[in-house]
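Geometric and topological summary
So you can see what is in the structure, the chains are spelled out below.
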Amino acid sequence: KKASIRKTAAAYGIPYATLYDHLSGKSKKRYAGRPTALSYEEEKEIVQCCVVLQEMGFPIDRTSLASVVADYVQATKKDTPFRCDFPGPDWFQLFMKRWKAVLSQRKPQHLSRKRAKALTEDRVQKWMEFVEQIYRKLGFFRLSRKNLSRRVWNCDETAFATASSSKLVIARRGARSVYETMAGSGRDYITVHWCANANGDQIAPYVLYKAQHLYSIWTRNGPDKALYGVSSSGWMEKPNFHSWFEKGFLPQLRELKLIPQVSETVQATEDSSSESANQESDISNPGVVLFFDGHYSHINLDVISAARRNNVTLITLPPNTTHALAIGRGSI
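This is a predicted model, so every value here is computed, not measured.

**Description of the packing of helix 3 (residues 40–55) against helix 5 (residues 89–98)**
Viewed as axis vectors pointing N to C, helix 3 and helix 5 meet at an angle of 85°, and their least axial separation amounts to 12 Å. Overall, the two elements helix 3 and helix 5 adopt an arrangement that is roughly perpendicular. In this structure, helix 3 uses E43, I46 and V47 to contact helix 5, whose residues at the interface are W91, F95 and R98. In terms of residue class, the contact of helix 3 with helix 5 is built from 4 nonpolar, no polar and 2 charged.

This is how it looks when you write it as structure tokens:
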């Protein structure tokens, strides 16, 4: 026999209003004590970001996590007790305690400097096995070769000096790329971010200038659907990569009908987070994979969240191997 709320409140010394709010669903508080700086939903999104980064082979430490949180706080203009928007060690310890069922701190397996710089067969083989596991999880091996090739994408950047050297150097005949190590020369560079898939389809380029403001004359006579941006360094930074991902990459994937339309991405985020790690995806909606280097300018909460919502799986290339493994690197 169920006791009434009033009798239960009196028997256990709990205020009637408190007990009623919990039972009626009015109370959204999930932890005892004072409210947290970020809401439960915001922390859950950060937790999923940490998991995705670890699965990509790019786990983050406490300092990097604080940077991710600071980026979010500054982007949303959220009022927090954090000093300069960066959470301190106390917040980190309580955060890890709240999410101990999902997250833990581990020591990563480091490669020696010599091994990290070497493009060894063993290292590439292990990475390929990692990619194979992801492909099986997504159900890619059940797709036709044509359909599979349309869903495998790679992006990278290259820089062009505004005043290039005209000198010639001697190299082996037939060499795909001839590199020269240069010190800072004071020249300005224009960065071009490109993206293509294994089928030969290309996303319109993203052109990045070293400047504070983007002038309309810089955007004239460019490729169709090309995007343009600026940064203080002239190199890709977090806001630039996020802008390209949201305004260039995702819209053109929708045009190719490789990911759901905007109205269809609202659902399924919660369902996908509850799937087991080894469960294969539905072949009718396998999404796409995007290979890219693990530079910090490509990693932020907004990009990872957008990728999850739109069925895009992010995979980082092994460190110091983009010159050999990136699609089309030698022909840029």
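**What to know about helix 4 (residues 62–76)**
With 15 residues, helix 4 should reach 21 Å at 1.5 Å per residue; the first-to-last C-alpha distance of 21 Å fits that figure. Buried within helix 4 we find L65, A66, V68, V69, A70, Y72 and V73. Where the residues of helix 4 are buried, they touch helix 3, helix 5 and helix 11 (301–309). The residue sitting at the N-terminus of helix 4 and contributing the capping side-chain oxygen is D61; that oxygen lies 3.3 Å from the backbone nitrogen of T63. Once helix 4 ends, the next one or two residues include K77, with phi positive near 55°.

**Describing the sheet that holds strand 6 (residues 312–316)**
The strands that make up a sheet pair up through hydrogen bonds in the backbone, lying either parallel or antiparallel. If you walk across this open sheet you meet the 6 strands as 4-3-2-1-5-6, and the pairing is mixed. Only two strands of the sheet have a single neighbouring strand rather than two, namely strand 4 (227–231) and strand 6. Recorded for the sheet is a direction-independent mean angle of 25° between the axes of neighbouring strands. As defined by bridge partners, strand 2 (residues 189–197) adjoins strand 3 (residues 202–210) across 5 bridges and the pair is classed as antiparallel.

**Re the state of the cysteines**
Enumeration over the complete set of coordinates arrives at 0 disulfides. C50 takes part in no disulfide bond, and the closest cysteine sulfur, belonging to C49, lies 5.5 Å away. C50 gets classed as buried once you look at its relative accessible area, which sits at 13%.

**A closer look at the pattern of salt bridges**
Following the criterion strictly, the structure yields 7 salt bridges and no others. Notably, a salt bridge pairs K238 with D71, separated by 2.9 Å at the nearest N-O pair. Here the residue K238 occupies a position in helix 9 (residues 238–255), and D71 occupies one in helix 4, the gap between them amounting to 167 residues. Note on K238: relative accessible area 18%, which makes it buried. With relative accessibility at 29%, the residue D71 sits in the partly exposed group.

**A closer look at the packing of aromatic side chains**
In the structure shown here, the tally under the stated rule is 14 aromatic pairs. A centroid spacing of 5.1 Å and a plane angle of 75° characterise the contact between Y215 and W218, whose relative ring orientation is edge-to-face. For W218, a relative accessible area of 29% puts it in the partly exposed group. By the ring-pair criterion, three or more aromatic residues cluster together here, those being W153, F241, W244, F245, F249 and F292.

**A look at the pairing of strand 5 (residues 288–292)**
Judged by how many residues are buried, strand 5 sits mostly within the fold: 5 of 5 residues are covered. Side chains of strand 5 alternate between two faces, with V288, L290 and F292 and V289 and F291 buried alike. Pairing of strand 1 (residues 152–161) with strand 5 involves 3 bridges; the strand directions are parallel. The partner of W153 across the bridge, within strand 5, is L290. Bridge count between strand 5 and strand 6: 5 bridges; the pairing is parallel. Paired with V289 across the two strands is T313, which belongs to strand 6.

Procedures and definitions
- Residues numbered from 1 in each chain as written.
- Predicted model: local features only at pLDDT ≥ 70, side-chain atom pairs only at ≥ 80, totals over all residues.
- Heavy atoms only, no water.
- Axes fitted to C-alpha atoms, helices over the stretch in contact; angles between N-to-C directions.
- Helix = DSSP H or I, 4+ residues; strand = E, 2+ residues; numbered from the N terminus.
- Parallel < 35°, antiparallel > 145°, perpendicular 65-115°, else oblique.
- Contact = heavy atoms within 4.5 Å.
- Nonpolar A, V, L, I, M, F, W, Y, C, P; charged D, E, K, R; others polar.
- Expected span 1.5 Å × (residues − 1).
- Buried < 20%, exposed > 50% of the residue type's maximum accessible area, 1.4 Å probe, protein only.
- Polar contact = N/O pair within 3.5 Å; in protein donor to acceptor, adjacent residues only side chain to side chain.
- Pairing = 2+ DSSP bridges.
- Disulfide = S-S within 2.5 Å.
- Salt bridge = Lys/Arg side-chain N within 4 Å of Asp/Glu carboxyl O.
- Phe/Tyr/Trp six-rings, centres within 6.5 Å; stacked < 30°, edge-to-face > 60°.

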